[in-house]
Amino acid sequence: MSAADLLAGCLRAVCGARLLPAAALPPGPAIWFANHSSHLDFAIIWAALPGPWRAKVRPVAGRDYWEAGPLRRWLARRVFHAVLIERQRVTVANNPLEPMLAALDAGDALIVFPEGTRSRDGTLQPFKAGLYHLARARPTIPLVPVYLDNLNRILPKGDFLPVPLLAGVHAGPPIRLGEGESRELFLGRARQAVLEAAQNHFP
Amino acid sequence: MIPDQKTLWLLGGIAGLLLIASLVTFILKRRAGGAPGPVILNLDARVKAWWVMVLVFSLALLTGGTGSVILFALISFLALREFVTLTPTRPGDHRTLFWAFFVLVPLHYFIVWLQWYGLFAILIPVYAYVLLPIRSAAAGDCERFLERSAKTQWGLMVCVYFLSHAPALLMLPLPGPEGANARLLIFLVLVVQLSDVLQYVWGKLLGRRKIAPTLSPNKTLEGFVGGAASATAVGAALWWATPFNPWQAAVLALIITLMGFFGGLVMSAIKRDRGVKDFGSMIEGHGGMLDRMDSLCFAAPVFFHLVRYFFT
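The structure displayed is predicted, hence computed values, not measured ones.

Participant: Kindly report on the environment of B:D93, identifying the contributing residues and their values.
Facilitator: All names here are of chain B. By the element assignment, D93 lies in the loop between α3 (66–86) and α4 (94–114). A sequence separation of 44 residues divides D93 from A137, and the C-alpha atoms of the two residues are 8.8 Å apart. Ignoring any residue separated from it by four or fewer positions in sequence, one finds D93 in contact with S136 and R148.

Right under this line is the structure:
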């Protein structure tokens with residue numbers, strides 16, 4: 001058992017989350033997209049993935065937040081191997097899509113939060129266009145919807161003290177961009193897939 | 001602590017019961033051949049989980065009190081966690097819940113460990129009940145305020161205060177040699193859990209008439225009567241391990257059994273209202289911690305106070 005396995009096991013125990021069943025997960029590179037309400041969101045998806053999937057997964061996070069201060073920078077770069085993207089001053093030179101596509105092409109999987117930022121009350125916000133651009137640039141890579149339950153109660157936005165409730169990590173069946181599917185249609189469908197994953201309780 | 005002869009007999013008896021249960025499960029699995037049904041698989045999981053629970057409980061008891069207090073503190077923590085997870089709260093309750101989990105649970109059990117009866121009796125019903133709504137009010141969110149306060153307080157009452165009366169038995173000044181308190185704790189836990197098990201067994205064997213169809217569709221009149229009667233008989237037969245004479249032991253065992261039964265119904269009502277079958281899934285075959293402890297939560301305080309009033 002590696003240190004990562006141990007850390008993931010501890011995280012699952014502390015948050016009461018279960019390992020996702022390997023049989024239901026797509027092999028190879030994938031894009032995991034989830035609702036976002038807590039700093040623990042990435043960590044709990046990471047911990048709920050079985051070992052081989054966990055070793056390949058990298059979170060996509062906002063450069064502005066994760067490069068403010070040495071601790072955040074260290075966490076993002078060294079611990080989580082995050083793919084940091086520009087959220088504010090997007091230009092041709094720093095197109096946020098580039099580092100994500102580079103990671104996918106290198107065989108990594110991505111965790112993205114298409115709402116763009118953490119939701120305050122736990123309701124699912126409209127999705128930003130990034131997921132659509134990713135799907136269009138790499139149409140063969142499966143997009144797996146994940147619903148995170150209770151994370152906004154465990155460690156809500158704006159608080160630093162956690163409450164030890166039971167978290168749920170529910171993955172739905174992968175989706176793909178349809179032939180000629182419009183941006184609005186696809187983003188709506190993706191958002192719906194996350195909501196439907198909430199009902200998907202693995203035994 | 002070196003356990004005395006009677007305690008060893010009790011623990012040995014429990015191990016013997018589990019051996020029989022394992023043997024019966026083994027035979028049932030054999031007879032089912034390659035494909036045992038869900039009931040047998042569940043029975044198998046339950047019996048295995050019982051071995052673990054009995055082992056943990058016995059080891060904690062053998063440390064002479066401290067271990068039992070820590071064990072029940074942990075159980076309370078996990079039970080409260082399942083309870084609050086299932087009851088919706090709002091962001092304004094976040095800090096209140098932090099206090100409940102990380103201050104009140106440890107503090108309450110520390111007082112149990114100190115054997116300070118006066119503060120043990122009032123910490124949660126007085127101080128926690130006063131302080132928790134104050135903290136929630138300070139967060140400034142009025143929506144469903146009474147409901148939210150009531151839920152937090154009730155969760156703390158059932159999962160922490162009620163349950164802590166089981167290890168609190170260790171603080172009662174009982175007459176007689178040492179070890180009597182530990183045996184009283186075993187008596188309570190054994191009767192309450194055996195009553196659950198026997199109700200399940202009697203219900204599976206001859207259960208016909210549903211006793212509380214809206215609350216607990218699996219509970220039957222036959223299971224309840226058979227389970228209560230046989231658990232009471234076992235309790236009476238264990239009088240030699242307690243400060244009671246046989247009929248006192250029988251009456252107390254019956255009360256424990258009834259409180260346990262009604263505790264299970266009350267907690268079922270909460271589960272049905274929230275639309276779930278179990279509080280959690282941490283104990284294989286049994287559901288969550290609170291599913292296993294619901295009957296003990298309601299039996300422990302009544303048993304504690306009856307013993308305290310009549311036998312000390």
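From this point, the discussion proceeds with the structure in view.
Participant: So what about the nonpolar core? Which residues, and what values?
Facilitator: Counting 119 residues, the largest nonpolar core has A:W32, B:F72 and B:F303 as its most contacted members. Per-element tally for this core: the top contributor is helix α10 (residues 289–311) of chain B, with 12 residues. Domain assignment of the residues forming this core places at least three in each of domain 1 (1–62 + 178–312) and domain 2 (73–171) of chain B. Sequence-distant contacts of A:W32, defined by excluding residues within four places in its chain, comprise A:L25, A:L49, A:W53, A:V57, A:A109, A:L110, A:I111, A:V112, A:V144 and A:V146. Counting 30 residues, the second-largest nonpolar core is a separate cluster that includes A:L104, A:L110, A:Y147 and A:V194.

Participant: Give a detailed account of unusual backbone geometry, specifying residues and quantitative values.
Facilitator: With the exception of glycine, most residues fall at negative phi, and the peptide bonds are largely trans. Non-glycine residue A:N150 carries a positive phi angle of around 80°. Within the secondary structure layout, A:N150 lies in the loop between β5 (143–149) and α8 (151–154). Positive phi, close to 50°, is recorded for B:R144, a residue that is not glycine. Assignment of secondary structure puts B:R144 in the loop between α5 (117–138) and α6 (145–168). By relative accessible area, which is 53% here, B:R144 ends up exposed.

Participant: I'd like to hear about the domain arrangement of chain B, residue by residue, with values.
Facilitator: Residues and elements named next belong to chain B. When cut into domains, chain B gives domain 1 (1–62 + 178–312) and domain 2 (73–171). Computed over C-alpha atoms, the centres of domain 1 and domain 2 are 26 Å apart. If you look at the interface, domain 1 gives 26 residues, while domain 2 gives 21 residues. Carbon and sulfur atoms make up 80% of the surface buried where domain 1 meets domain 2, a total of about 2200 Å² over both sides. On inspection of domain 1 and its partner domain 2, the count reaches 0 salt bridges. Counting the contacts that link domain 1 with domain 2 gives 5 residue pairs in polar contact (both at pLDDT 80 or more). Among the elements that line the side of domain 1 that touches domain 2, the one with the most residues is α10, at 12 residues. Partitioned by chemical class, the residues of the side of domain 1 that touches domain 2 number 20 nonpolar, 4 polar and 2 charged.

Criteria and cut-off values
- Residues numbered from 1 in each chain as written.
- Chains lettered and ligands numbered in written order.
- Predicted model: local features only at pLDDT ≥ 70, side-chain atom pairs only at ≥ 80, totals over all residues.
- Heavy atoms only, no water.
- Helix = DSSP H or I, 4+ residues; strand = E, 2+ residues; numbered from the N terminus.
- Contact = heavy atoms within 4.5 Å.
- Core = buried A, V, L, I, M, F, W, Y, C linked by side-chain atoms within 4.5 Å.
- Buried < 20%, exposed > 50% of the residue type's maximum accessible area, 1.4 Å probe, protein only.
- Domains from an automatic or database assignment.
- Buried area = accessible area lost by both parts, 1.4 Å probe.
- Salt bridge = Lys/Arg side-chain N within 4 Å of Asp/Glu carboxyl O.
- Polar contact = N/O pair within 3.5 Å; in protein donor to acceptor, adjacent residues only side chain to side chain.
- Nonpolar A, V, L, I, M, F, W, Y, C, P; charged D, E, K, R; others polar.

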